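Topology and contacts: notes
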Amino acid sequence: MSAVAVCILAGGEATRLPGKLALDVGQVPMLVRVYRNVSPGRPTWLSTKGPLGPELAAHVDAPQVVDRWPLRGPLSGLLSTFSEIRAEWVFAVAGDAPFVDAGFIDRLEASIAPQYEAVVPIHDDERRRIEPLAALYRREAFLREGLPVLLGGVGTLRMVIDRLATRFVPVRDARVFENVNTPADYAKLREVIA
């Protein structure tokens, strides 16, 4: 069993594409696909805003933690869920990221070292964007640094990462980071999967 647990964020408001986690992606709901991709060999938890609907709950066998600070973004969901997980490291992933898989987590896990508190992928291109919702975090360090950021008012994951001893890992294949936020994103995803 891996020393890394997984936290799937499934509690966003999805205002641009309501109900997106239940949309069909390769003959299963999107959240179910993400769960199946990342959970093999790892304890997996869901961060939610409430109980999953029956069409999702029937296919996702993972504990659910309801966000203690609703409407505060992914940082609050991660803090709520990390406080329940006991693994030393946790991989955080968005519930609408259908191409992240266990092999990707393995690659990041190979970059863990005692001096780091986070392993965060960075696009290996001219823009060098980071991907905080496809990253590994040392659970206790994230809780230590994340709570003051959240309670400070304008809490973003980037602010937490800036406070952690972070290793940035370049990733050339940007497809792994594709997620679904709009109807156009969903249409593009369906074309790729078809």
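The paragraphs below set out a description of the structure included in this document. (Residues numbered from 1 in each chain as written. Predicted model: local features only at pLDDT ≥ 70, side-chain atom pairs only at ≥ 80, totals over all residues. Heavy atoms only, no water.)

1. Structural notes on the overall build of the protein
For clarity, the cut-off: Numbering goes from the N terminus for both helices and strands, where a helix is a DSSP run of H or I of at least four residues and a strand is a run of E of at least two. Relative accessible area decides the class of each residue, using a 1.4 Å probe on protein chains only: under 20% of the type maximum gives buried, over 50% gives exposed, and in between gives partly exposed. Contact criterion: two residues are considered in contact whenever any of their non-hydrogen atoms come within 4.5 Å of each other. Values of accessible area rely on a 1.4 Å probe in the Shrake-Rupley scheme; residue burial ignores everything except the protein chains shown. Charge convention: Lys and Arg are scored as positive, Asp and Glu as negative, and His as well as the terminal groups of each chain are ignored. One atom stands in for each charge, and that atom is NZ of Lys, CZ of Arg, CG of Asp or CD of Glu.
When its secondary structure is counted, the protein shows 7 helices and 7 strands. Its helices and strands in sequence order give the protein the pattern β-α-β-α-β-α-β-α-β-β-α-α-β-α, from N to C terminus. With respect to the principal axes defined by its C-alpha atoms, the protein has extents near 40 × 35 × 35 Å. In the protein, buried positions account for 51% of the 194 residues. Long-range pairs, those at least 24 residues apart, make up 70% of the contacts in the protein between residues at least 6 apart in sequence. Just so you have it, the protein exposes about 9,300 Å², and 53% of that area is on carbon and sulfur atoms. Looking at charge distribution, the protein has the averaged site of its 23 positive side-chain charges lying 2 Å from that of its 23 negative ones.

2. As for the pattern of salt bridges
Quick note on the threshold: By convention in these notes, a salt bridge is any Lys or Arg side-chain nitrogen within 4 Å of a carboxyl oxygen on Asp or Glu.
Evaluation of the coordinates by the stated rule reveals 13 salt bridges. The partner of Arg128 in a salt bridge is Asp124, and the shortest N-O contact between them spans 3.6 Å. Close ionic contact of Glu145 with Arg163 constitutes a salt bridge, the shortest N to O distance being 2.8 Å. Placement of the pair is Glu145 in helix 5 (residues 139–151) and Arg163 in helix 6 (residues 157–163), with a sequence separation of 18 residues. Look at Glu145 and you get buried, because its relative accessible area is 13%. It is possible to trace a salt-bridge network through shared partners that takes in Glu117, Arg144, Glu145 and Arg163.

3. A word on the side chain of Thr166
Rule in force here: N or O atoms closer than or at 3.5 Å make up a polar contact, with two conditions inside protein: a donor-capable atom paired with an acceptor-capable one, and, for residues adjacent in sequence, both atoms drawn from side chains.
Tracing the backbone shows Thr166 in strand 7 (residues 166–171). Accessibility expressed as a relative area gives 17% for Thr166, which makes it buried. At 3.1 Å, the side chain of Thr166 and the backbone oxygen of Ile161 are in polar contact. In this view, Thr166 contacts Tyr116, Ala118, Val120 and Ile161; residues no more than four positions away in its chain are not counted.

4. Some remarks on helix 4 (residues 102–109)
Selection criterion: It is the directions from the helix axis to the C-beta atoms whose arc is reported.
Those residues of helix 4 not exposed but buried are Ala102, Phe104, Ile105 and Leu108. One side of helix 4 holds all its buried residues, which, seen down the axis, span an arc of 155°. Here the buried face of helix 4 lies against strand 1 (4–9), helix 1 (30–38), strand 4 (89–94), strand 5 (118–123), strand 6 (134–138) and strand 7. A distance of 3.2 Å separates the backbone nitrogen of Gly103 from a side-chain oxygen at the start of helix 4, and that oxygen is part of Asp101.

5. A few points about the sheet that holds strand 5
This is how the line gets drawn: In this analysis, strands are considered paired if DSSP registers two or more bridges between them. For every element, the axis is a line fit to its C-alpha atoms; helices are fit only across the contacting stretch, and the angle between N-to-C directions ranges from 0 to 180 degrees.
The mixed open sheet is built from 7 strands, whose spatial order is 3-2-1-4-6-5-7. In the strand order of this sheet, the two ends are held by strand 3 (64–66) and strand 7, each with one partner. Put simply, the sheet's adjacent strands are angled 25° from each other on average, direction ignored. The pairing of strand 4 with strand 6 spans 5 bridges and is classified as antiparallel. Bridge pairing in strand 6 links Val93 to Ala134. Packing of helix 1 onto the sheet brings it into contact with strand 1, strand 2 (44–48) and strand 4, and relative to strand 1 it is tilted by some 170°. Sitting on the sheet, helix 3 (residues 74–82) touches strand 1, strand 2, strand 3, strand 4 and strand 6, and the angle it makes with strand 1 is about 140°.

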